[in-house]
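Descriptive analysis of the structure
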Amino acid sequence: MQTLSQATLPTIRCGMVGFGMIFDETYRPVFETRAHQPLYSPATGPVAVKLAAVASRTGTRAARYLASPAGQSQPFANFAGPDAVARLLESGVDAVCVATPDDRHFAPARAALAAGKHVLIEKPSVLSLTELDELTQLAARQGVLAKVVYHKLADPDHKKLRTLYQDGILQHVNNGYCSLLEPKSISGGQFAEWIAGRNPATYVAVHYLKLIDFSFGPGWRLDRITATGQRGLIGPADGPTWDSVQLQVVYQYPEGREAAFDIHTSWVTPDNFPGYVEQEVQFRFDNAVWNAHQRKRGVELTVENRTPGELKYTPNYHYNGTFLEPWGERTQRGYGIEVIERFFQEVAFVEYGGPPAERPQRLQQMQALTYNDLSADRHCVAIVQALEAILARTAAGVPGCVVKVNSPAGGLVLSEPGNATPQVLYPARV
Ligand SMILES: NC(=O)c1ccc[n+]([C@@H]2O[C@H](COP(=O)([O-])OP(=O)(O)OC[C@H]3O[C@@H](n4cnc5c(N)ncnc54)[C@H](O)[C@@H]3O)[C@@H](O)[C@H]2O)c1
């Protein structure tokens, strides 16, 4: 197949902050594919996407990748250490993807926006509304995109759920549960470096928080948040590091009816559990029930000596898979990859989708996409901030707190059992 000369094409030069598991799973395939096949839309024509620079803590994984055949054919600048992000920003990138641990998103995202770069942040975008305000204001001032990755919104099953709801076939959601259980190898190995003081809900419940908020909103208001959890496996039973968390979020409709959602997360499930990452949801409506199970929607596979380690018993090839296409091509694709490519398509549309004089309108059009714009992440960030405050109070010996949203005392207000004085976590309206 003939390939276009990339040197002559408009190019989005990308900086990657964080080069861990999620880079390998979803960003790497995008960069490897787009090195040979530019993005294309009728508005932009072909636009190349190039991984130009990486910033990480030690630079070791990036160095290993640079030494591989893929890295040698598409080399990039590899920055490590405390000033890695600053050097990446000076190296002339147009867009920055932030895939650092969940409590280290804000600083690199702020630095990138301040330097006038488009930014994509892994979920959870940030951990407080004050941080979110700063990033959205910076993005608006600098005239760039600030987006967050919620790949579950691109899962065909979740797209159908939302379509059925928005079309009035599923009517009025009343309640539901979501469960996502990660294996022990995540807490004990993959994330061991940064897991102290952290919890599994901030990192994965957000997938479902956004799914609920995006699919069933916006005609309701977020009302209150409660949470509890268990400790004792990863860290001490009275410490700040959580094995599993149960979160409850309540919304109110204008007519006074309520909807409640329970979201259970863990990162201490046995490593040989068949699902690897076990995911299940059920939503109940006035006229319907939607039940979805990640493991039970398709393939079951057993290969001697290869499952469940290298290959999974119940793989999700819709999220991410490597394929030999019927037409002979080798590809890696799925909604986890598609959602990253969408960001680059949005950047391409802003920068190359028409005359420069009309850039502000194109920017506004892409900022209005509520599935990924940071300005539409307020409910998720509010819930994460409330959750973290409730878990911190529990670790300090005060379980059972509730956070009310947009009460007369403030936007996010934490009440402790037996204490008449509430604590304002965020004063402005959520
Ligand atoms: N979309 C998803 O389903 C999904 C799945 C996994 C992880 N994630 C998100 O991706 C992010 C990263 O997760 P991961 O699994 O890749 O983690 P990881 O621990 O495998 O990798 C983290 C990377 O960040 C780098 N890093 C750490 N601190 C840094 C700093 N201060 N400055 C620069 N680089 C730094 C590390 O060197 C490493 O390269 C998290 O926010 C997580 O929530 C998303």
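Quick caveat, the model's predicted, so the values are computed rather than measured.

What counts, and where the lines are drawn
Residues numbered from 1 in each chain as written. Predicted model: local features only at pLDDT ≥ 70, side-chain atom pairs only at ≥ 80, totals over all residues. Near = placed C-beta within 6 Å. Helix = DSSP H or I, 4+ residues; strand = E, 2+ residues; numbered from the N terminus. Nonpolar A, V, L, I, M, F, W, Y, C, P; charged D, E, K, R; others polar. Domains from an automatic or database assignment. Pairing = 2+ DSSP bridges. Axes fitted to C-alpha atoms, helices over the stretch in contact; angles between N-to-C directions. Contact = placed C-beta atoms within 7 Å. Expected span 1.5 Å × (residues − 1). Bend = angle between axes of the 7 residues up to and from the residue. Buried ≥ 20, exposed ≤ 12 C-beta atoms within 10 Å, placed from the backbone. Left-handed = near helix turned anticlockwise from the far one by under 90°. Core = buried A, V, L, I, M, F, W, Y, C linked by C-beta atoms within 7 Å.

1. Details of the site of the ligand
- Taken together, 25 residues form the shell around the ligand, and within it Gly18, Gly20, Met21, Arg57 and Glu122 come nearest.
- Listed by contribution, the elements that provide at least two residues to the shell around the ligand are α1 (21-34) and β3 (45-56).
- With three residues, α1 is the single largest residue contributor to the shell around the ligand.
- Taken together, the residues of the shell around the ligand break down into 12 nonpolar, seven polar and six charged.
- In terms of domain composition, the shell around the ligand takes at least three residues from each of domain 1 (6-152 + 332-368) and domain 2 (156-317).

2. Here's the deal with the sheet that holds strand β13 (residues 289-293)
- With mixed pairing, the nine strands of this open sheet are ordered in space as β13-β12-β8-β11-β10-β9-β16-β17-β18. Looking along the sheet, the strands with just one partner apiece sit at the ends: β13 and β18 (423-426). The average angle at which neighbouring strand axes cross in this sheet is 15°, direction not considered.
- Seen against the sheet, helix α12 (residues 378-395) touches β9 (221-230), β10 (244-252), β16 (402-407), β17 (410-415) and β18 and runs at an angle of roughly 40° to β9.

3. A short note on helix α9 (residues 200-216)
- End to end, α9 covers 24 Å across 17 residues, agreeing with the expected 24 Å (1.5 Å per residue, within 8%).
- If you look at α9, its biggest bend is around 40°, right at Val206.
- Across the 17 residues of α9, 17 count as buried, placing the element largely inside the fold.

4. Notes on the packing of α9 against α12
- Viewed as axis vectors pointing N to C, α9 and α12 meet at an angle of 140°, and their least axial separation amounts to 9 Å. The handedness of the crossing between α9 and α12 is right-handed. Contacts between α9 and α12 involve Ala201, Thr202, Val206, Leu209, Lys210 and Asp213 from the first element and His379, Cys380, Ile383, Val384, Leu387 and Glu388 from the second.
- Taken together, the residues of the contact of α9 with α12 sort by class into seven nonpolar, two polar and three charged.

5. A few points about the nonpolar core
- In this structure, Met16, Ala386, Leu387 and Val403 are the most contacted members of the largest nonpolar core, which totals 113 residues.
- Of the domains in this structure, domain 1 (6-152 + 332-368) and domain 2 (156-317) are the two that each give at least three residues to this core.
- Apart from residues no more than four positions distant in its own chain, Met16 is found in contact with Phe23, Tyr27, Leu51, Val54, Cys97 and Ala99.

6. What about the pairing of strand β11 (residues 258-269)?
- Relative to β11, strand β8 (residues 173-183) runs parallel, the two sharing eight bridges. Looking at β11, one finds that Gly176 is bridged to Phe261.
- Pairing between β10 and β11: nine bridges, direction antiparallel. Note on β11: the bridge partner recorded for Gln252 is Glu258.
- Between β10 and β11, which pair antiparallel in sequence order, lie five residues; one of them, Gly256, sits at a positive phi of approximately 100°.

This is a description of form; function is not addressed.
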